[in-house]
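Single-letter residue listing:
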Amino acid sequence: MSFLVIDGAVKTFGGLRAVDGVSLSLEQGEIVGLLGPNGSGKTTLINLVSGALPASDGRITLDGTRLTGLRPDRIARAGVARTFQLVRVLPSLTLTENVMIPAVFGAHAHWGAAARRVAGEALDRVGLAGRETATAGELTYIDQKRLELARALAAEPSLLLLDEWLAGLNPSELLEGIALIRELAQSGITILMVEHIMEAVRALCPRAVVMNSGRLIADAPTEAALSDPAVIAAYLGEPADA
Ligand SMILES: Nc1ncnc2c1ncn2[C@@H]1O[C@H](COP(=O)(O)OP(=O)(O)OP(=O)(O)O)[C@@H](O)[C@H]1O
Ligand SMILES: [Mg+2]
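Predicted model, so just to flag it, every value in this text is computed and none were measured.

Definitions and limits used
Residues numbered from 1 in each chain as written. Chains lettered and ligands numbered in written order. Predicted model: local features only at pLDDT ≥ 70, side-chain atom pairs only at ≥ 80, totals over all residues. Heavy atoms only, no water. Core = buried A, V, L, I, M, F, W, Y, C linked by side-chain atoms within 4.5 Å. Buried < 20%, exposed > 50% of the residue type's maximum accessible area, 1.4 Å probe, protein only. Helix = DSSP H or I, 4+ residues; strand = E, 2+ residues; numbered from the N terminus. Near = heavy atom within 4 Å. Polar contact = N/O pair within 3.5 Å; in protein donor to acceptor, adjacent residues only side chain to side chain. Areas by Shrake-Rupley, 256 points an atom, 1.4 Å probe, with all protein chains shown as cover. Nonpolar A, V, L, I, M, F, W, Y, C, P; charged D, E, K, R; others polar. Donors = N, O, S within 2.8 Å, 3.2 Å for Na, K, Ca; no water. Lys, Arg positive; Asp, Glu negative; His and termini not counted. Salt bridge = Lys/Arg side-chain N within 4 Å of Asp/Glu carboxyl O. Contact = heavy atoms within 4.5 Å. Pairing = 2+ DSSP bridges. Axes fitted to C-alpha atoms, helices over the stretch in contact; angles between N-to-C directions.

Colleague: It is not clear to me how the nonpolar core should be interpreted in this structure. Could you clarify?
Modeller: Proteins that are soluble and globular tend to have nonpolar side chains buried together. The biggest cluster of nonpolar side chains holds 52 residues, and the ones touching the most others in it are Leu147, Leu149, Leu160, Leu166, Ile181, Ile191 and Met193. Residue contributions to this core peak at seven residues, all from helix α5 (residues 141-154). Formed by 25 residues, the second largest nonpolar core is a distinct cluster that contains Ala9, Val22, Leu45 and Val194.

Right, here's the structure in full:
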């Protein structure tokens, strides 16, 4: 059985089927791009896996453990961490404090000095070593993004869900961001990343899955997925201002 199995996931909002029967699997250590036009259901699918939203139907398992039906804190304990499309850090807390919280509530439930050590390692991993006592609100945008990634890593996830983590970076920051994600992928963590920047998807993801109107319309090696006529049509159908 695959490491992450999403089987027939559905999420309805009133009459809208934002996720409409999506099935896909990830092997342990895989890094997969989750693509699709605006409003196609990518974030909603991430929310179903992380438990931020309960699924309307379907079943999601991680390493054989059923996630659907679990509370988000239980899903975090089971090894799932995510970043948010809009950065969510706690501006008045120090970087260490920001990152200790997920160390406490993550997969290994660290406490006290151990949580502080795990937090320090996560900050180090994203390039924020030496900044521990700064407050999150003082950080530049890229550093807030680094901090948010550190918060996810401090939970010591086996599955990391990235929701447009690279969005809004300038070209040199983008290269740094890609290098950072590549290091994480090489460390063996399984990554499902929502991303609109095709340069990043091509650089990082051997495989891509594409959603449109809540459904999966492609699941293939990245170049094949991007040249799939159904995928091209889905992107062309997107309003120009979206
Ligand atoms: N909490 C909610 N309540 C009602 N509708 C929602 C909710 N969350 C998402 N939607 C709707 O579900 C659909 C899918 O939204 P979602 O945010 O998953 O898209 P997305 O693929 O992440 O888009 P983007 O690329 O713009 O981030 C959209 O029509 C959106 O308006
Ligand atoms: Mg989204």
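Following the structure, the description resumes.
Colleague: Before we go on, may I ask you to explain the site of ligand 1 in this structure?
Modeller: Around ligand 1 lies a shell of 14 residues, among which Gly39, Lys42, Thr43, Thr44 and Gln85 are the nearest. Thr43 places a polar side-chain atom, nitrogen or oxygen, 2.8 Å from an oxygen atom of ligand 1. Protein chains bury 62% of the 640 Å² of accessible surface belonging to ligand 1 in isolation. Residue assignment for the shell around ligand 1 shows that the elements contributing at least two residues are β2 (16-26) and α1 (42-50). Considering every element that reaches the shell around ligand 1, the biggest residue donor is α1, with three residues. Looking at the shell around ligand 1 residue by residue, the classes come out as four nonpolar, eight polar and two charged.

Colleague: What is the right way to read the coordination of the magnesium ion (ligand 2) from this model?
Modeller: By definition of the ideal shapes, four donors in a tetrahedron about a metal sit 109.5 degrees apart, and six donors in an octahedron sit 90 or 180 degrees apart. Within the protein, the magnesium ion (ligand 2) binds to Thr43 (OG1) and Gln85 (OE1); these donor distances fall in the range 2.0 to 2.3 Å. You can see Thr43 sitting in helix α1 and its partner Gln85 sitting in the loop between β6 (80-82) and α3 (95-105), a full 42 residues away along the chain. For Thr43, a relative accessible area of 26% translates into the label partly exposed.

Colleague: Mind showing me how you'd approach the side chain of Asp163 here?
Modeller: Along the polypeptide, Asp163 turns up in strand β7 (residues 159-163). No salt bridge is formed by the buried Asp163; the nearest opposite charge belongs to Arg82, separated by 4.4 Å. There is a polar contact of 2.7 Å between the side chain of Asp163 and the side chain of Thr43. In this structure, Asp163 is in contact with Thr43, Arg82, Thr83, Phe84, Gln85 and Val194, ignoring residues within four places of it in sequence.

Colleague: When you look at the sheet that holds strand β4 (residues 57-62) in this model, what are you seeing that I'm missing?
Modeller: Backbone-to-backbone hydrogen bonds join strands into a sheet, with any given pair of strands oriented parallel or antiparallel. Spatial ordering of the open sheet is given by β2-β1-β4-β5, a layout of four strands whose pairing is antiparallel. Two strands in the sheet have a free side with no partner beyond their single neighbour: β2 and β5 (65-66). With five bridges connecting them, strand β1 (residues 4-13) and β4 associate as antiparallel partners. Considered in β4, the bridge of Asp7 is made with Arg59. Across the face of the sheet, α1 comes into contact with β1, β2 and β4 while running at roughly 115° to β1.

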